[in-house]
Amino acid sequence: MSRWKELPAELHPHVHQLIVRLRRLKDRSELSTRQLAARTGYSAKSWQRYLNGRSLPPREAVEAMARVGEDDPTRLLALHEIAAQRWAEGRTATTDAPEDLTATPAHTPTQEQPYRRHLRLAVTAGAVVTVLSVSAALLLAVRLTEARAQLARDRSDAVATAPATVSESLVPVVYTCRLERREGRWYAGLSRTTDILLSNTQVGLEVAEAQCLLHRAGTAPGEIDGVFGPKTRRAVERMQKQNGLIVNGVIDPPTWQALREADPK
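To keep things clear, this report deals only with the structure shown in the data block. Note that the coordinates shown come from a computational prediction; the quantities given were computed from them, not determined experimentally.

Our focus in this paragraph is the overall build of the protein. When you go through the protein residue by residue, the secondary structure sums to nine helices and two strands. Out of the 265 residues in the protein, the part that is buried amounts to 37%. When contacts within the protein are restricted to residue pairs at least 6 apart in sequence, long-range pairs at least 24 apart make up 54% of them.

Here is the structure:
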C-alpha cells in the first residue's frame, strides 16, 4: 500500500473524494507511476499532480484509471463531473455581490393589485434566469479552456520527442511512426504492447502505435493522433476482415498479433 501525502486542505470535499478513489485504484493495480503512465498514456509527472491534488485529471485519465484498477467507470466519471464543477467554481469565485433582484421598492402600495404583483414576479424570475444562464455559459467557457490547456500539458509530458501541433479548439497531437522490424514483429516506436484492449473513445500511446501499424498494413486510419475514433474503428474492421479475424472493431490480442506480424495486403 502506498504511503500518500496529505491532500491540500483547501480542496473541495468532492475533489478530495475523487482523488482518494483514484489513489485506491492505483494501490489496487500495484503499478508505479511510470507503469501507470505506460498503461494510460498520461505521463508520470501528470499522475503525480493528479494524485497529490495539484491538478484535476481530465475525464479520459479518470476513465483510464478505472480500466487499470478494474473498476466500473460509470460512478467514477459521475464523481469526476461533480468534482470538475467544484474545481472550476473555486477558480472563478468573485468578490462582487450579486444584485438583490427580489428587493421590495420603497414606495410599494400596501394594497397592490394582483396583476401588478404577478407582473413584478414574472420580471424578477426572468432576470434571475438570465443571470443564471450567463453564469453557466461563463463557467462552461472557463472549464473548456482549463481542460484544453491541461490536455496539452499532459500530452506534451507523455510524448516529449513527438512533434505536436496544438490548436485552441481541439488540441491535436500528431505522432511520428518509426517503423522497424524486430524478431519478425513490427513496431512503431510508441508502445510494445501485444495484449492491451483498445476500443472506441480511448486515447494514448497504444492507440497511436496501433494507428501506425494499421497504416503500414494498408488500412489507413487517418491521422496518427492517438485517438480511437470512427476512422480508426473502420480501419481496424477492414484489417480484421482481411486477416480472417472476428470483425468487432476492437484491437484485442489476436488483432495485435496480426498487426505486428502481417505484411500489407
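Picking up after the structure, the text goes on.
In contact at an axis separation of 9 Å, helix 7 (residues 205-216) and helix 9 (residues 253-261) are set at 55° when each is read in the N-to-C sense. As far as their axial angle goes, helix 9 and helix 7 are oblique. As helix 7 runs across helix 9, the sense of the crossing is left-handed. Along the contact surface, helix 7 presents Glu206, Glu209, Ala210, Leu213, Leu214 and Arg216, while helix 9 presents Trp256, Leu259 and Arg260. Taken together, the residues of the contact of helix 7 with helix 9 break down into five nonpolar, no polar and four charged.

Within the structure shown, the criterion is met by two aromatic pairs. When the centroid spacing of 6.5 Å and the interplanar angle of 75° are considered together, the rings of Tyr42 and Trp47 count as edge-to-face. Residue class for Tyr42 comes out buried when judged on its relative accessible area of 4%. Look at Trp47 and Tyr50: their rings are 5.4 Å apart centre to centre, the planes differ by 85°, and that puts the pair in the edge-to-face class. Of this pair, Trp47 and Tyr50 both sit in helix 3 (residues 44-51), three residues apart, which is roughly one turn of that helix.

Reading the values: the criteria
Residues numbered from 1 in each chain as written. Predicted model: local features only at pLDDT ≥ 70, side-chain atom pairs only at ≥ 80, totals over all residues. Heavy atoms only, no water. Helix = DSSP H or I, 4+ residues; strand = E, 2+ residues; numbered from the N terminus. Buried < 20%, exposed > 50% of the residue type's maximum accessible area, 1.4 Å probe, protein only. Contact = heavy atoms within 4.5 Å. Axes fitted to C-alpha atoms, helices over the stretch in contact; angles between N-to-C directions. Parallel < 35°, antiparallel > 145°, perpendicular 65-115°, else oblique. Left-handed = near helix turned anticlockwise from the far one by under 90°. Nonpolar A, V, L, I, M, F, W, Y, C, P; charged D, E, K, R; others polar. Phe/Tyr/Trp six-rings, centres within 6.5 Å; stacked < 30°, edge-to-face > 60°.

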